[in-house]
Amino acid sequence: MNKAFSQIRQSGANRSVDEITQGRRLRRLRKADWSRRLVQESRLTVDDLIWPIFLCEGENHSEPVDAMPGVERYSVDMAVRQAEKAAKLGIPAIAPFPRENMEFRDVNGSYIANPDNLINRTVRAIKKEVPQIGIITDAALDPFTIHGHDGILRDGVIVNDESVEMVVLGALAQAEAGADIIAPSDMMDGRIGAIREALDTNGFQDVAIMSYATKFASAFYGPYRDAIGTSGLLQGDKKTYYIDPANSDEAVREAEQDLAEGADMIMVKPGLPYLDIVRRLKDVFAMPTYAYQVSGEYSMIKAAGANGWIDEERVMMESLLAFKRAGCDGILTYFAVEVAEKLARG
Ligand SMILES: NCC(=O)CCC(=O)O
Ligand SMILES: [Mg+2]
């Protein structure tokens, strides 16, 4: 018996490690890089990435988003160049979000239906110049309302059915502009079925729907509101339409409903703090499942990295690998370009 074992015995343990593990030593396969690679269960590739980008008015113009270091808003022409860069890197899809000027916002968010709003102009331009990249558009009303809510606000209430009508008009305008996937993030009841019906009756059978099926009433969206210019506007909170962060069964019911109404893909949002929901939805429905690593998650990693408290690049890669392990088919992440560049370097 070697010295270490005799020390275990002396310390009071009666059995040797081999007796305790019955010879099943799980470290055996971790001993070398080659064997670790051989047993690796999840992998992150460029095919897993969806890149959300922010838009603003202007020409040849970009401006930093203060609350999201490294993230910029781009004018339409510059957004096209960004789409080109993403396509070259092999990123499958891009998701544009607009910071609309205040003059275009109203109580009903009606500018979402305008064919010449920022999203629709950008979609048309990218489709024309970078046709090989997929475009995913959000049909929620928050970038277009003066109160910052995703729906229409009447007497302090977000009215569901009227909001759905507006969301549908927005979705149709986006499909008309050339969007490949409509991804409504508003959480109104019935909007997936209504969008599907409207798309089909208007000749857009091939436009898919990625439902933000389980969007939680989270504090992790803070920096995004800076990015689209709604942080000072929001009256109250979004708890009457987003899911309570305490609930998991309710998330299953939301996903079930959206799939029954015709969603092709489902999304969980936020991401990292909600990986249990991803795993549950993937196991229950076996559908294409995505997660949104939201602005607060991004900015926390950036801030800790900038302070030297964590290794930013390694945490970025690990966080995204965790989404894959949880069952995601893809991730919306502001890190998409950085990750794609890193993966390309090897
Ligand atoms: N509809 C898109 C978002 O709400 C994004 C939220 C975030 O990144 O915090
Ligand atoms: Mg729902």
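Only a predicted model underlies this, so the values are computations on that prediction, with no experimental measurement involved.

A. Local environment of the UniProt feature "binding site: Mg(2+)" (unreviewed entry) in the protein chain. In this numbering, the UniProt entry assigns the feature "binding site: Mg(2+)" (unreviewed entry) to Glu254. Relative to the helices and strands, Glu254 resides in helix H9 (residues 249-261). A residue is classified by how much of its surface remains accessible, and Glu254, at 16% relative accessible area, is buried. Among all residues touching Glu254, those that are not within four sequence positions of it are Met187, Asp189, Ala213, Thr214 and Ile243.

B. Up close: the UniProt feature "active site" (unreviewed entry) in the protein chain. According to UniProt, the feature "active site" (unreviewed entry) maps to Lys215 and Lys269 in the numbering used here. Over a stretch of 55 residues, the named residues converge on one spot in the fold, their C-alpha atoms separated by at most 4.9 Å. Within the secondary structure, Lys215 is located in strand E9 (residues 208-215). Residue classification places Lys215 among the buried positions, given a relative accessible area of 3%. Ignoring any residue separated from it by four or fewer positions in sequence, one finds Lys215 in contact with Asp150, Ser185, Met187, Tyr221, Tyr242, Ile243 and Lys269. Here Ser185 takes part through its backbone oxygen, which lies 3.1 Å from a polar atom of the side chain of Lys215.

C. Representation of the side chain of Ser75 in the model. Mapped onto the elements of the fold, Ser75 is located in the loop between strand E3 (72-74) and helix H4 (76-89). Among the polar contacts listed, one links the side chain of Ser75 to the side chain of Asp77, at a separation of 2.6 Å. Those residues in contact with Ser75, other than ones at most four positions away along the chain, are Cys56, Glu57, Gly58, Glu59, Asn60 and His61.

D. Focus on the domain arrangement of the protein chain. Domain boundaries in the protein chain define domain 1 (1-40) and domain 2 (45-345). For domain 1 versus domain 2, the distance between C-alpha centres works out to 47 Å.

E. Summary view of the site of ligand 1. In the neighbourhood of ligand 1, 13 residues make up the surrounding shell, with Asp138, Tyr224, Lys269, Ser295 and Tyr334 lying closest. Here a nitrogen atom of ligand 1 and a side-chain polar atom of Asp138 are 2.9 Å apart. A distance of 2.6 Å is found between an oxygen atom of ligand 1 and a side-chain nitrogen or oxygen belonging to Tyr334. The fraction of the free accessible surface of ligand 1 (280 Å²) that becomes covered by protein chains is 99%.

F. Quick look at helix H5 (residues 118-129). Given a rise of 1.5 Å per residue, 12 residues ought to cover 16 Å, and the 17 Å separating the end C-alpha atoms of H5 matches this to within 8%. Along H5, the residues that are buried comprise Leu118, Ile119, Asn120, Thr122, Val123, Ala125 and Ile126. Buried-residue contacts for H5 involve strand E1 (49-55), H4, strand E4 (93-98), strand E5 (134-137) and helix H6 (160-177). Among the residues of H5, the N-terminal cap falls to Asn117, whose side-chain oxygen and the backbone nitrogen of Ile119 are separated by 3.2 Å.

G. Structural context of the nonpolar core. Formed by 111 residues in total, the largest nonpolar core has its most connected members in Phe54, Ile91, Leu199 and Met210. The dominant element in this core, judged by the number of residues it contributes, is H6, at eight residues. Residues in contact with Ile91, not counting those within four places in the same chain, are Val46, Leu49, Trp51, Ala86, Ile133, Ala336, Val337 and Ala340.

H. A look at the environment of Arg253. Relative to the elements of secondary structure, Arg253 occurs in helix H9. On the basis of relative accessibility, which here comes to 52%, the residue Arg253 falls in the exposed class.

I. Highlighting unusual backbone geometry. At the junction of Lys269 and Pro270, the peptide bond is cis and its omega measures out at -5° in the coordinates. If you check the backbone angles, Asp155 has positive phi at about 50° while not being a glycine. Among the structural elements, Asp155 can be located in the loop between strand E6 (152-154) and strand E7 (157-159). Phi is positive for Ala286, close to 50°, though the residue is something other than glycine. Relative to the helices and strands, Ala286 is located in the loop between helix H10 (275-285) and strand E11 (289-293). On the basis of relative accessibility, which here comes to 59%, the residue Ala286 falls in the exposed class.

J. Fine view of the pattern of salt bridges. Here the structure, examined in full by the defined rule, presents 25 salt bridges. Two residues, Arg124 and Asp116, come together in a salt bridge whose shortest N-O distance is 2.9 Å. According to the relative accessible area criterion, Arg124 is partly exposed, its value standing at 34%. Where salt bridges share partners, they join Asp142, Asp150, Lys215 and Lys238 into one cluster.

What counts and how
- Residues numbered from 1 in each chain as written.
- Chains lettered and ligands numbered in written order.
- Predicted model: local features only at pLDDT ≥ 70, side-chain atom pairs only at ≥ 80, totals over all residues.
- Heavy atoms only, no water.
- UniProt positions renumbered as here; feature names shortened; annotations may be inferred.
- Helix = DSSP H or I, 4+ residues; strand = E, 2+ residues; numbered from the N terminus.
- Buried < 20%, exposed > 50% of the residue type's maximum accessible area, 1.4 Å probe, protein only.
- Contact = heavy atoms within 4.5 Å.
- Polar contact = N/O pair within 3.5 Å; in protein donor to acceptor, adjacent residues only side chain to side chain.
- Domains from an automatic or database assignment.
- Near = heavy atom within 4 Å.
- Areas by Shrake-Rupley, 256 points an atom, 1.4 Å probe, with all protein chains shown as cover.
- Expected span 1.5 Å × (residues − 1).
- Core = buried A, V, L, I, M, F, W, Y, C linked by side-chain atoms within 4.5 Å.
- Salt bridge = Lys/Arg side-chain N within 4 Å of Asp/Glu carboxyl O.

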